[in-house]
Amino acid sequence: MDVDQDGGLESETGVAVAEQEIEGDFDRLVQNIRERNDPSLAKDWDINIEDEEEVFKDDLRAASGIGKRRKKKSRAFNGPVLSQQVRSLIGDGNQAFVDSDLPEAIRIMQEVIRIEPRAASAWTVLAQCYEDMQQKDRALQLRIMAAHLRHDPEEWDRLARESRNLGFNQQALYCYRKIYSLDPSNVDARWDRAAFAKETGDLRIARQTFLSILKRFPHDLTVLDEIRPILIELGDLTTCTTLFQNAFDNYQQRFPTGSGHISGPSGTDSTSTSVPGGGFSMLNILVLADLYNTLGEYDKAVQVIKTGSRWLQGRADQKYWDILEDDREFDLEGFSRTASVATNPTSDPLSSSHPNTITSSATTVKSSAASLTGTMQSGYFPLDVNARHRLAVARIKMGEVDEGVMHANIILQEDVLDYAALFLEIADAYYERGMWAEAKPVYEILGTDISTSSVYILLQTASCLRMLDELKDAAEIYEHVRLADPTNNDAKMKLAEIYEIMNEPRKALDLVYQVIDSRKRRYKDASQANASSSTNASSSLFMEDRSKNSKSTSKGNIPNRLTQAQLKELEVEKEKEVLRSYGRVKEIWDAMLRERDEAVENIGSAIETAKSMMEQQNENEEMPEGTIEREWMLEAEKLVDTFRETRLLFTAARNNPFRGMFPKRKRRAKESADHEVDEDRMASRLQLDIQSTPRKQPKLNGVEIFRGVLFSDWLHLIMQYCFILTKRNQYELADEVLRHVLMSNAYMTPEYQVPIRLALIACAIQTNHFVVVVEQCRKLISSNQFNNEMYRLLMASLSSGLRPTDSFITSTLQKFFFREMKLSDVAVKDPELLKWNGILKRWAPIMPSTLSSGGRKEKDKDATEELGDEDSDGGAGGAADIDIPLSNDKTPLPTKDNPLTVSIYGQMCIAAKSYQSAIFYLLHAYDYCPEDPMILLCLAIASVGRAMQRQSDNRHHLIAQGMAFLSKYRSIRSVDLVRASEVEYNFGRMFHQLGLHSLAVSHYERVLQLAETQKQGKQSIVHISLPLPSASSPPTNSLSSVQIGDFAKEAAYNLSLIYILTGAIPLADMLYRRWLSL
């Protein structure tokens, strides 16, 4: 009883708040009328019903109305106390209305409203007068005014229906909102408002209202079906995905068996028959998968399809299928994976879909998953063709091409007339991945039938043909599209480009002129259409054409626009400000460094002070900041923001250098400037070709200075700023700044690109973001083809540690190195199979199958990935494979085999515990360079590692082979006395792994003896400085700076493990105190 009383009290409070809001709207209306001094209400009153606070108010009222449903009683209206004069006037007005003297009644009631606007009876009589005069729109306005004073939901409902009948959409939406503000439990009013807003195209209001209904009835499928197209139209895919995912999780919990009776909200009936998914059908699962695919979250789309299909089939408890990375659960009957899926030793099944989230603790799980992949049989469970289509698209787009192609081939066996949409999406997925050869036949299938063909399909087919260098066939299709649709300028420009490549400049020039003429006619027609546009008046209380007016006003001329002279004066002032700030930054740089050095010295002055400061630094993860450094950072931040906010430094035309803030060429209209420049430039170039004039690439001369500061100095400042940001635990901002500067057209040359990428790598190493390290190193390797220094940079950046190792063995990096290794092999053995890509400045195979068939034996079939992969970094030919070279500075092809790429790939196999493949590739590296100690050591590790695996059938042979390589490693490495401890440690570590503890102990003790000898000779802290090799001198096995005794702590730790295992605890304690204590 008490609970009901509290709920009723809360409801009454919410209604009271709503009534106060409605009366506030009434007061604003009356004030507006008084300011106009126009009591006739002839002018529209524009109420902004699209306030952003509406959502909050809806939620507040909905919360106050939750509880027991009951019919809302109309509240008694208690208006203001009327004076004797007003009561007399109301009586006279009523008498005039009864006598049918409507003009007199209107005059009297308007006088009453002027004296007391809150006299509801006056508004009612006035509305009835206009109703009798057949002015229904005016009468409706007055009734709405009276309704503000009565607070009757039923009256607002009648007014909403009348507004809809008269075509006053915004007014009807306003009335609907008043209904559920007075009666929060009236869900019908919310539904009517949402449905009407959707019908009239007011999607934002429909979205808000449907979401408020979902808060009262969560996971209602009917509401979800209604709101889904609205959210998609508004581009709010994240909210739509969240709603469907939450509903999916809810139905899985309610119906764990995959079927059940539909039980709606309280007060509704349940179905008598069992329904799959309890109502959450396969169609809803497909909607959720499509949303994830659209958002680019392909792994979640795969998970939804597999989990949802399994749940609807009543197999929700078979979660062991999730351990497998492939989709063998839904293989067709008779399909054998042993013949179609090869075992890739370097590809981790659990890391292929999430290469950036691998952790070292998942190694055993990944190993078990790999073993399951090779032994577990296919499930042969049925899968809906639409669900399989979503799987195919997700797999292809996420880079798992083998699985995607398998699903796609199953779908492509269906009738194209029945599944044309699925065929088209599969072809588009191939096209987006750069798999032109696979996309072309699908487009051709769709294009051969008139019921499935379209201009888009023909254009995509022609694009694929062009990518595959079938220029004549592509030109025929573009010509067919041009004849069918003469207004398609994109097809004309594509055809002109092909004619230019085919050395037919006259045809190309004619097409370009057609495009230019079409553009001029389009501008003329658009101007005439704008001049003849007009708007109609409305008698609604609201601005019914609000959206149209807002769009037209937003495109108008901007007032107070600066002239060219004023802009130049402003630029001069900004240049002076930049020079002042830059001078200040240079002036205090040395003082900032001295301040930092003094802070470090103060930290080391006393042990206790050092400990406290170190602890504080570890807690804050920031470097101590002084006053001078703070000033430097403020000035540098201003300069960096000034550089990044200049739009001319970040233009869409990437090949055009920065030519100053006021280039000589006049700017064209913003929306078509790039297209017009391309068309005019192409026309000029073709005219020169026709006149047999030597063709030259248009080269624009840029400037090397911006606001008084050289671009090199700008870059130096930006890099210093980003390094300090990284030290101050603001890596995300530093990474954003460097990536933004990387896109500037002032830094498009390699002399700037390489330092910026190196800065990105340095910041990422400092903060352990090794995914970024791999990304930038791959970019450098791709842009510096056949340059071993870039590979050495990657290896140095991922030198040691668990996180670097995880990044080192990601499947994407393995595939990238495999392609680079094969490309280098083909360049040496079959250089005629490669051609120069002038745009990407790389050598690429003529045919995509080159890297899978040429050069090395195909031992690992799944290691040969599709070249259209997103991680190819431009390795494939693609669109850039034009026979006409665009650059003369070709990278020279290698003339001998490169052991570096092969050995790095073998080391990846070792890190991924794929020792058999590691031996295969390292033996190739050994053939190329038999005297390299690193290759010998890696071969020893791989041989012994393979011997320790269960699948090994020749353990003793592998161990003997590993020790042979290790012995040869010792014979080569022992020449350098500095490496003696390294050799002894590696032998001890090898015997330790084999369980030969006595031999391991002798080698570990020898490492400690060498460290003791070096320490007694005062060489433990000394670094042996060796001369750096010159360009002409042969490479040596020494480093430029090697610290002696680096392996003492590692040897001591491993030796202590043996002592503890054998029960020699005192000896282990001695090692801890001597070598492993601070």
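Here is what the cut-offs are and how they apply
Residues numbered from 1 in each chain as written. Predicted model: local features only at pLDDT ≥ 70, side-chain atom pairs only at ≥ 80, totals over all residues. Heavy atoms only, no water. Helix = DSSP H or I, 4+ residues; strand = E, 2+ residues; numbered from the N terminus. Buried < 20%, exposed > 50% of the residue type's maximum accessible area, 1.4 Å probe, protein only. Areas by Shrake-Rupley, 256 points an atom, 1.4 Å probe, with all protein chains shown as cover. Pairing = 2+ DSSP bridges. Contact = heavy atoms within 4.5 Å. Core = buried A, V, L, I, M, F, W, Y, C linked by side-chain atoms within 4.5 Å. Expected span 1.5 Å × (residues − 1). Arc of directions from axis to C-beta. Salt bridge = Lys/Arg side-chain N within 4 Å of Asp/Glu carboxyl O. UniProt positions renumbered as here; feature names shortened; annotations may be inferred. Phe/Tyr/Trp six-rings, centres within 6.5 Å; stacked < 30°, edge-to-face > 60°. Lys NZ or Arg CZ within 6 Å of the ring centre and 35° of its normal.

- Within an unreviewed UniProt entry, the label attached to the protein chain reads TPR-like protein, and the organism entered is Rhodocollybia butyracea.

## Some details on the overall build of the protein chain
Right, on to step 1. Tallying secondary structure elements over the protein chain gives 45 helices and 8 strands in all.
Right, on to step 2. By residue count, 44% of the 1078 residues in the protein chain fall in the buried class.
Right, on to step 3. Total accessible area on the protein chain is roughly 56,400 Å²; 53% of this is exposed by carbon and sulfur atoms.

## Some thoughts on unusual backbone geometry
Right, on to step 1. Positive phi outside glycine occurs at N729, with the angle close to 65°.
Right, on to step 2. Along the polypeptide, N729 turns up in the loop between α30 (711-727) and α31 (731-742).
Right, on to step 3. Take N729: its relative accessible area is 41%, and that puts it in the partly exposed class.
Right, on to step 4. At F786, a position not held by glycine, the phi torsion is positive, near 60°.
Right, on to step 5. Along the chain, F786 turns up in the loop between α33 (770-783) and α34 (788-797).

## Here's the deal with the pairing of strand β5 (residues 834-837)
Right, on to step 1. As paired strands, β5 and strand β6 (residues 842-845) are joined by 4 bridges and run antiparallel to one another. Bridge pairing in β6 places W836 opposite W843.
Right, on to step 2. Linking β5 to β6, which pair antiparallel, is a turn of 4 residues; within it K841 sits at a positive phi near 55°.

## Observations concerning the environment of I477
Right, on to step 1. With respect to the helices, strands and loops of the structure, I477 is situated in helix α22 (residues 471-484).
Right, on to step 2. We classify I477 as buried; its relative accessible area is 18%.
Right, on to step 3. Between the C-alpha atom of I477 and that of Q460, which follows or precedes it by 17 residues, the distance is 9.9 Å.
Right, on to step 4. Discounting chain neighbours no more than four positions away, the residues touching I477 are L458, T461, A462 and L465.

## So, the nonpolar core
Right, on to step 1. Ranked by size, the top nonpolar core spans 109 residues in total, and within it W632, F643, F711, W714, Y747 and F817 carry the most contacts.
Right, on to step 2. Sort the elements by how many residues they give to this core and α30 lands first, with 10 residues.
Right, on to step 3. If we skip the residues at most four places from it in the chain, W714 touches V578, L639, F643, F706, V709 and Y747.
Right, on to step 4. Core analysis: the next-biggest nonpolar cluster, separate from the first, contains 49 residues, L237, L288, A289 and L291 among them.

## Remarks on α31
Right, on to step 1. Taking 1.5 Å per residue, 12 residues should reach 16 Å; α31 reaches 16 Å between its end C-alpha atoms and fits that length.
Right, on to step 2. Within α31, burial applies to Y731, A734, D735, V737, L738, V741 and L742. Looking straight down α31, one finds its buried side chains confined to an arc of 165°; they lie on one side.
Right, on to step 3. For α31, the secondary structure elements touched by its buried residues are α28 (627-644), α30, α32 (750-766) and α33.

## Some details on the pattern of salt bridges
Right, on to step 1. Applying the stated criterion to the full structure yields 30 salt bridges.
Right, on to step 2. The partner of E587 in a salt bridge is R584, and the shortest N-O contact between them spans 3.5 Å. With E587 and R584 both in helix α26 (residues 564-603), this residue pair falls 3 residues apart, about one helical turn.
Right, on to step 3. The class of E587 is exposed, set by a relative accessible area of 56%.
Right, on to step 4. A residue is classified by how much of its surface remains accessible, and R584, at 26% relative accessible area, is partly exposed.
Right, on to step 5. Each of K306, D327, R395 and E400 takes part in salt bridges that share partners, so that together they form one network.

## Some points on the UniProt feature "repeat: TPR" (unreviewed entry) in the protein chain
Right, on to step 1. Annotation from UniProt places "repeat: TPR" (unreviewed entry) at residues 981-1014.
Right, on to step 2. Annotated as residues 981-1014, this span is 94% helix and 0% strand, and its ends, taken at the C-alpha atoms, are 11 Å apart.

## Quick notes on the packing of aromatic side chains
Right, on to step 1. Inspection of every chain in the model, using the stated rule, returns 26 aromatic pairs.
Right, on to step 2. Plain terms: the ring middles of F706 and W714 are 5.6 Å apart, the flat faces sit at 45° to each other, and that makes the pair tilted.
Right, on to step 3. Taking relative accessible area as the criterion, W714 reaches 1% and is therefore assigned buried.
Right, on to step 4. Relative to Y921, the ring of F920 has its centre 4.9 Å away and its plane inclined at 85°; by these criteria the two rings are edge-to-face. Exposure class is identical for F920 and Y921. Each is buried.
Right, on to step 5. The structure contains a cluster of three or more aromatic residues connected by ring pairs, namely F643, F706, F711, W714, Y747 and Y752.
Right, on to step 6. Positioned over the ring face of Y251 is R254, at 4.9 Å from the centre of the ring.
Right, on to step 7. Over the ring of W1075 we find R1074; its NZ or CZ atom is 4.3 Å from the centre of that ring.

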